[in-house]
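Residues per chain, in single letters:
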Amino acid sequence: MKRWLILEDGTYFEGEGFGAGNNVFGEIVFTTSMTGYQETITDQSFNGQIITFTYPMVGNYGINRDDYESIAPTCKAVVVKEHARLASNWRNQMTLDDFLKRKEIPGIAGIDTRALTRKIRKYGTMKASIVAEEDFTHAYDQLKAAVLPSNQVAQVSTAKPYPSPGVGHNVVVIDFGLKHSILRELSKRNCNLTVLPYNTKAATILELCPDGVMLTNGPGDPKDVPEAIEMIREIQGQVPIFGICLGHQLFSLANGADTFKMKFGHRGLNHPVREIATGRIDFTSQNHGYAVEANSIDNERLMITHIEVNDGTIEGVRHKNHPAFTVQFHPDAAPGPHDALHLFDEFIEMMDAWKEQKDAKADGY
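Residues numbered from 1 in each chain as written. Predicted model: local features only at pLDDT ≥ 70, side-chain atom pairs only at ≥ 80, totals over all residues. Heavy atoms only, no water.

- Per an unreviewed UniProt entry, the protein is named Carbamoyl phosphate synthase small chain, and its organism is Enterococcus dispar ATCC 51266.
- UniProt annotates the protein under Sequence similarities (unreviewed entry) with the comment "Belongs to the CarA family." (UniProt positions renumbered as here; feature names shortened; annotations may be inferred.)

What follows is the structure, given as structure tokens:
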């Protein structure tokens, strides 16, 4: 089944369709991940985006029950050089083709993904569409007129609170489009989790008497979520905070910094990040199209803790007056290297220290 990939600048690629058969449009991006396509496709940070895989073969080990980062993925489509029609792995439950059909996500194979990636790197991310051959004639005009959504967090955040019971620290997780691996890492550390919608008020969060608050990853422009920025301003100083990806950007905005849209973003599993204090290099999993502007950091409030080795962008900040730190990358590493998992332990230690400080004040010390 022939399909066409059409870019906003008028470039088009002919390929073979797989997965669902519907026509779609979205922002086209690329990921350099060499593995973990199931986690990538089900990552809600790809909401509304057409994912180009730079690795040449995708689908060879199928889809399994363990590697979901969400149950209902919201990426728009998948672009690959070669689609593996047969899957071979002891955990395999269905092929990638079957999975995409069930989730109503179209795919296109046979594309020169190297040429496509070089174009995105040169000109930046742009609108794109995938259409059937019979719809090709008017597809470009329709693409030019299409408007990308700005309510992406609202599309992927949970509508109602829900628990993930544990016996340790009471952690509130603000869902901006969370990856399940974040919940897994906190659960491994015996945290009692309560997941709340992105627009939950500060008073509601504090009523739960949390030991800490996790600000998760999510899609889109952080400036499109002003209610979350205000919430962060109200809770910081009253409870320890750990932010990841979009949570990092929102926390920075809440403390006077600015953000900007990157040319083509960071999406992959091999991004080296330096911790400034120690010089330690971690290879990290990343998926973001926005970053915090270095020159906008208020040095009286925030301290830059991590930078990206390749382009020098900010990868982490810590508040100077409150127990709060955030990182731009994904320490939960699903998929990706496990170099930064220690940050979850630092969050536990920060909550312990905060509790000891509160208990000491209550005892009059």
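### Re the UniProt feature "active site" (unreviewed entry) in the protein
In step 1: As recorded in UniProt, the sites labelled "active site" (unreviewed entry) are Cys245, His330 and Asp332. On the basis of their most widely separated C-alpha atoms, the annotated residues across 88 residues gather in one place, lying no more than 11.2 Å apart.
In step 2: Among the secondary structure elements, cysteine 245 is positioned in the loop between β14 (241-244) and α9 (246-254).
In step 3: Taking relative accessible area as the criterion, cysteine 245 reaches 1% and is therefore assigned buried.
In step 4: Non-local contacts of cysteine 245, meaning those with residues more than four positions away in its chain, are made with Asn217, Asn287, His288, Val327, Gln328, Phe329 and His330.
In step 5: Note on placement: histidine 330 falls in the loop between β19 (324-327) and α10 (342-362).
In step 6: Not counting residues within four places of it along the chain, the set of residues in contact with histidine 330 comprises Lys179, Asn217, Ile244, Cys245, Ser285, Gln286 and Asn287. (Helix = DSSP H or I, 4+ residues; strand = E, 2+ residues; numbered from the N terminus. Buried < 20%, exposed > 50% of the residue type's maximum accessible area, 1.4 Å probe, protein only. Contact = heavy atoms within 4.5 Å.)

### Thoughts on the UniProt feature "binding site: L-glutamine" (unreviewed entry) in the protein
In step 1: Here the UniProt-annotated "binding site: L-glutamine" (unreviewed entry) positions come out as Ser45, Gly218, Gly220, Leu246, Gln249, Asn287, Gly289 and Tyr290. Spanning 246 residues, the annotated positions come together in the fold, the maximum distance between their C-alpha atoms being 13.4 Å.
In step 2: Note on placement: glycine 220 falls in the loop between β13 (212-215) and α8 (226-235).
In step 3: The partly exposed category is assigned to glycine 220, whose relative accessible area is 24%.
In step 4: Residues within four places of glycine 220 in sequence aside, it is in contact with Gln152, Leu246 and Tyr290.

### Some remarks on the environment of leucine 100
In step 1: Tracing the backbone through its elements, the reader meets leucine 100 in helix α2 (residues 96-102).
In step 2: Those residues in contact with leucine 100 that lie beyond four places of it in its chain are Phe18, Gly19, Ala20, Ile41, Val78 and Ile105.

### Quick word on the state of the cysteines
In step 1: One pass over the structure, following the stated rule, counts zero disulfides.
In step 2: Considering cysteine sulfurs only, cysteine 245 is the nearest to cysteine 75, which forms no disulfide, with 16 Å between them. (Disulfide = S-S within 2.5 Å.)

### Side note on the domain arrangement of the protein
In step 1: Domains assigned within the protein are domain 1 (2-148) and domain 2 (153-363).
In step 2: Each of domain 1 and domain 2 has a C-alpha centre, and the two are 29 Å apart.
In step 3: Between domain 1 and domain 2, the contact holds 28 residues from the first and 21 residues from the second.
In step 4: Summed over both partners, the interface of domain 1 with domain 2 buries about 1900 Å², with 47% contributed by carbon and sulfur atoms.
In step 5: Three residues stand out in domain 1 for area buried against domain 2, namely Gln44, Ser45 and Glu69, and they jointly supply 29% of the buried area on that side.
In step 6: Taken together, domain 1 and domain 2 are joined by two salt bridges.
In step 7: The closest approach of N and O atoms between arginine 184 and glutamate 69, which form a salt bridge, is 3.3 Å.
In step 8: Counting every contact that joins domain 1 to domain 2 gives 16 residue pairs in polar contact (both at pLDDT 80 or more).
In step 9: For the side of domain 1 that touches domain 2, the elements supplying multiple residues, two or more each, are β3 (24-31), α1 (37-41) and α3 (113-123).
In step 10: Class assignment for the residues of the side of domain 1 that touches domain 2 results in seven nonpolar, 14 polar and seven charged. (Domains from an automatic or database assignment. Buried area = accessible area lost by both parts, 1.4 Å probe. Salt bridge = Lys/Arg side-chain N within 4 Å of Asp/Glu carboxyl O. Polar contact = N/O pair within 3.5 Å; in protein donor to acceptor, adjacent residues only side chain to side chain. Nonpolar A, V, L, I, M, F, W, Y, C, P; charged D, E, K, R; others polar.)

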